[in-house]
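Survey of secondary and tertiary structure
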Amino acid sequence: MPGLLLDTLRGKNVRPRPSWLMRQAGRYLPEYRALRAEKGGFLALVYDSEAAAEITIQPLRRYGMDGAILFSDILIVPYAMGQDLEFLVGEGPHLSPRLVDVALSSLHAVPERLTPIYDTVKLVRAQLPADKTMLGFAGSPWTVATYMVAGEGSRDQHVTRELAYRDPAAFQAIIDAIVGVTIEYLAGQIMAGAEAVQLFDSWAGSLSPAQFERWVIAPNAAIASAINARFPDVPVIGFPKGAGEKLPAYARETGVQAIGLDETIDPLWAHKVLPEGLPVQGNLDPLLLLAGGDEMERQALHILETFADRPHVFNLGHGIGQTTPVEHVGQLLNLVRNWRG
């Protein structure tokens, strides 16, 4: 049996609402912190398939979510494309050489860097109950490109945006290369056992409408089309964080089977403007989960009630913060499971 989450992503309006939470596997969990202290740094954990599988399963063991999201990182794709990747304490990820400094052709692909991720998916799927969904993921090309070009994250992605304006042909080549690797990466996850995949476009909100059409919608559509053609039963969830008023165009033009809403999106507006029957996912503010209490419950109920007539996966508008109390997560998920609308 496919379970509530997979049924919802395939367009069924089910009760109780399925739920999973972005970054549900990670730093807010004491069992994760204990394992990381034993095993070492973040990248070491990602590449230890047994440890990564354990981390993926930890939140389901504690809370019983309907989906297990692969423990990995969106920057595995540029790492496989030939950039060096390191995670520095207090500074976040760094990629080198930066593509603002060198040509894409100077990179030498290392596709075997993807193999341990597939091994993690296999290990997790083998341990999951049949009614729990294994979720794979990748970063969307625009967001991945911002890191590949600048070598690190930034608030406004100005280095990458400037390159895209100054040399659109060179930037298009970067995007196209990421699209190709991402299709094969997601296909590998699916063949290893992923039953649905999510495309994370964390920096989609920094682009003008014309740039959004070229660098967000078009490459995500290419990926979704390829995955849908090869794996027609595997839903693709698109998550264009910060898309705002451009969200309906993304939903119509990318061909994704479900759309993730960040916390800035008004659920009432989204329900009105998105295609009828399109499954949605989201969109409680992670800070409400941090705060907990009555206001968290009130806002969660508002989301549930707004999407009562549409397939809906309850989730956050972005990832769980690392200082979120574990009891708040339990409080939220109990509310969602007991709601019947």
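Right, let's walk through the structure included here. Bear in mind the structure is a predicted one, so any value in this text is a computation, not a measurement.

Conventions adopted
- Residues numbered from 1 in each chain as written.
- Predicted model: local features only at pLDDT ≥ 70, side-chain atom pairs only at ≥ 80, totals over all residues.
- Heavy atoms only, no water.
- Salt bridge = Lys/Arg side-chain N within 4 Å of Asp/Glu carboxyl O.
- Helix = DSSP H or I, 4+ residues; strand = E, 2+ residues; numbered from the N terminus.
- Axes fitted to C-alpha atoms, helices over the stretch in contact; angles between N-to-C directions.
- Parallel < 35°, antiparallel > 145°, perpendicular 65-115°, else oblique.
- Left-handed = near helix turned anticlockwise from the far one by under 90°.
- Contact = heavy atoms within 4.5 Å.
- Nonpolar A, V, L, I, M, F, W, Y, C, P; charged D, E, K, R; others polar.
- Core = buried A, V, L, I, M, F, W, Y, C linked by side-chain atoms within 4.5 Å.
- Buried < 20%, exposed > 50% of the residue type's maximum accessible area, 1.4 Å probe, protein only.
- Pairing = 2+ DSSP bridges.

**Re the pattern of salt bridges**
Using the criterion set out here, one finds nine salt bridges in the structure. Salt-bridge contacts for R166 lead to E162; the nearest nitrogen and oxygen are separated by 3.0 Å. Linking R166 with E162, this pair stays in helix α8 (residues 158–166), spanning four residues, or about one helical turn.

**Quick look at the packing of helix α4 (residues 49–63) against helix α6 (residues 115–127)**
Across the interface, α4 lies against α6 with an axial gap of 8 Å and an inter-helix angle of 50 degrees. Accordingly, the angle class assigned to the pair α4 and α6 is oblique. As for the relative orientation of α4 and α6, their crossing is right-handed in sense. Each of S49, E50, A52, A53, T56 and I57 in α4 lies in contact with α6, whose residues at this interface are P116, D119, T120, L123, V124 and Q127. Looking at the contact of α4 with α6, its residues break down into six nonpolar, four polar and two charged.

**Side note on the nonpolar core**
M65, F171, I259, L261, L284 and L332 are the most contacted members of the largest nonpolar core, which totals 120 residues. In terms of residue count, the dominant contributor to this core is helix α9 (residues 168–192) (eleven residues). With sequence-adjacent residues up to four places away left out, F171 is seen in contact with W142, A145, V149, T160, L163, A164 and W215.

**What about the environment of I57?**
Within the secondary structure layout, I57 lies in helix α4. I57 sits in the buried class, given a relative accessible area of 9%. Taking C-alpha positions, I57 is 26 Å from L304, a pair spaced 247 residues apart along the chain. Excluding its chain neighbours within four sequence positions, the residues that come into contact with I57 are V124 and Q127.

**Digging into the sheet that holds strand β4 (residues 133–139)**
A sheet is described by the order of its strands in space; here seven strands give the open sequence β1-β4-β5-β6-β7-β8-β9, paired in parallel fashion. Unpaired on one side and paired on the other, β1 (67–69) and β9 (312–316) mark the two borders of the sheet. If you compare each strand with its neighbour and ignore which way they point, the axes differ by 25 degrees on average. Sheet contacts for helix α11 (residues 247–254): β6 (236–240) and β7 (258–260); angle to β6, the most-contacted strand, approximately 155 degrees.

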